[in-house]
Amino acid sequence: MAWHTSAVPQVIDVDDRADPRLDDFRDLTTADRRPDRPGGRGLVIAEGEVVVRRLLHSPYPIRSLLGVPRRIEALHDDLAGVDVPCYRTSADVMADVVGFHLNRGVLAVADREKHT
């Protein structure tokens, strides 16, 4: 898989709560944003280092990550070769974007695995 290469992760600092690049993570408390609810977007959302790490090494196509600096740094080795944006921000901005405070400090979003 591509994530075994030695490429450096694409880390992007974001401090604007309204940045459209964060839309996959926006307002996750509303039912229509949740993948497990009728009318949801069908995205896979992982929270926390352990679960994000598993998602990074899964067949699900990763779209992006959002996290506080400490959590993004902790995932640095797992992100090597992953060609997706990793948005690094403060806990306050992250909470404003997702709609609640995340104790685990990192989220990843992926498309559902395509079955052939």
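**Describing helix H1 (residues 49–56)**
Structurally, the α-helix is built with 3.6 residues per turn, so residues lying three or four positions apart point the same way. For H1, the full list of buried residues reads Val52, Leu55 and Leu56. For H1, the buried positions fall inside an angular range of 100° around the axis, keeping them on one side. Residues of H1 that are buried sit in contact with strand E2 (43–47), strand E3 (62–67), helix H3 (76–79) and strand E5 (106–111).

**So, the sheet that holds E5**
Pairing is mixed in the open sheet, where five strands are placed in the order E1-E4-E3-E5-E2. Since the sheet does not close on itself, it has two edges, and those belong to strand E1 (10–13) and E2, each with one partner. Within this sheet the neighbouring strands show an average axis-to-axis angle of 20°, counted without direction. Where helix H4 (residues 91–98) meets the sheet, its contacts fall on E3 and E5, and the angle it forms with E3 comes to roughly 130°.

**A look at the confidence of the model for the protein chain**
In the predicted model, the protein chain carries a mean pLDDT of 83, and the fraction of residues at 70 or more is 78%. Per-element mean pLDDT across the protein chain ranges from 87 in E2 up to 95 in strand E4 (residues 85–88). Note that pLDDT drops below 50 for residues 1–6; the model gives that stretch nine contacts with residues more than four away or on any other chain.

What counts and what doesn't
- Residues numbered from 1 in each chain as written.
- Predicted model: local features only at pLDDT ≥ 70, side-chain atom pairs only at ≥ 80, totals over all residues.
- Heavy atoms only, no water.
- Buried < 20%, exposed > 50% of the residue type's maximum accessible area, 1.4 Å probe, protein only.
- Helix = DSSP H or I, 4+ residues; strand = E, 2+ residues; numbered from the N terminus.
- Arc of directions from axis to C-beta.
- Contact = heavy atoms within 4.5 Å.
- Pairing = 2+ DSSP bridges.
- Axes fitted to C-alpha atoms, helices over the stretch in contact; angles between N-to-C directions.
- pLDDT = per-residue confidence, 0-100.

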